[in-house]
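What follows is the residue order along each chain.
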Amino acid sequence: VQLVESGGGLVQPGGSLSLSCAASGFTFSRYIMSWYRQAPGKERELVARINIAGGSTNYADSVKGRFTISRDNTKNTVYLQMNSLKPEDTAVYYCNARMWNQYWGQGTQVTVSS
């Protein structure tokens, strides 16, 4: 089983980044997919979640209207489009797959700084 995140990096406030998480080794289309993040000294928090068909999404209040989660079950990939980034969005972003069990990716660093 693998979840491999990509797309992180350094961006200025107000900028955009697009994260991807490529899944393998399990039946992707049966799993609820989520993005979490963890900033230094803070607990890991849920950022966004998408159901198995992609028709229902949930977002943390702090990112509503700025972030968009999506998935492509034909490519076994989940995405997180992040716009209007703020310094407080700086964190390691993790991909999560959950059904009766769950899997985590290794994380990708997002830094928002001028």
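What counts and what doesn't
Residues numbered from 1 in each chain as written. Predicted model: local features only at pLDDT ≥ 70, side-chain atom pairs only at ≥ 80, totals over all residues. Heavy atoms only, no water. Disulfide = S-S within 2.5 Å. Helix = DSSP H or I, 4+ residues; strand = E, 2+ residues; numbered from the N terminus. Buried < 20%, exposed > 50% of the residue type's maximum accessible area, 1.4 Å probe, protein only. Phe/Tyr/Trp six-rings, centres within 6.5 Å; stacked < 30°, edge-to-face > 60°. Lys NZ or Arg CZ within 6 Å of the ring centre and 35° of its normal.

Caption draft 1: Examining the state of the cysteines more closely. If you walk through the whole model with that rule in mind, you get 1 disulfide. Linked covalently through their sulfurs, Cys21 and Cys95 form a disulfide whose S-S length is 2.1 Å. Where Cys21 bonds to Cys95 through sulfur, the torsion about that S-S bond is close to -85 degrees, and the disulfide is left-handed. Of this pair, Cys21 sits in strand 3 (residues 17-24) while Cys95 sits in strand 9 (residues 91-98), placing them 74 residues apart in sequence. Just as Cys21 is buried, Cys95 falls in that class too.

Caption draft 2: Broad picture of the packing of aromatic side chains. If you walk through the whole model with that rule in mind, you get 5 aromatic pairs. Seen from their ring centres, Phe26 and Tyr103 are 5.0 Å apart, and the 45 degrees between their planes marks the pair as tilted. Of the two residues, Phe26 is situated in the loop between strand 3 and strand 4 (32-38) and Tyr103 in strand 10 (residues 102-104); the sequence distance between them amounts to 77 residues. Accessibility expressed as a relative area gives 13% for Phe26, which makes it buried. Here the aromatic residues Phe26, Tyr31 and Tyr103 are joined through ring pairs into a cluster of three or more. Looking at Arg44, its charged tip hangs above the ring of Tyr94, at a distance of 3.8 Å from the centre. Here Arg71 stacks its cationic end above the ring of Phe28, 4.5 Å away from the centre of that ring.

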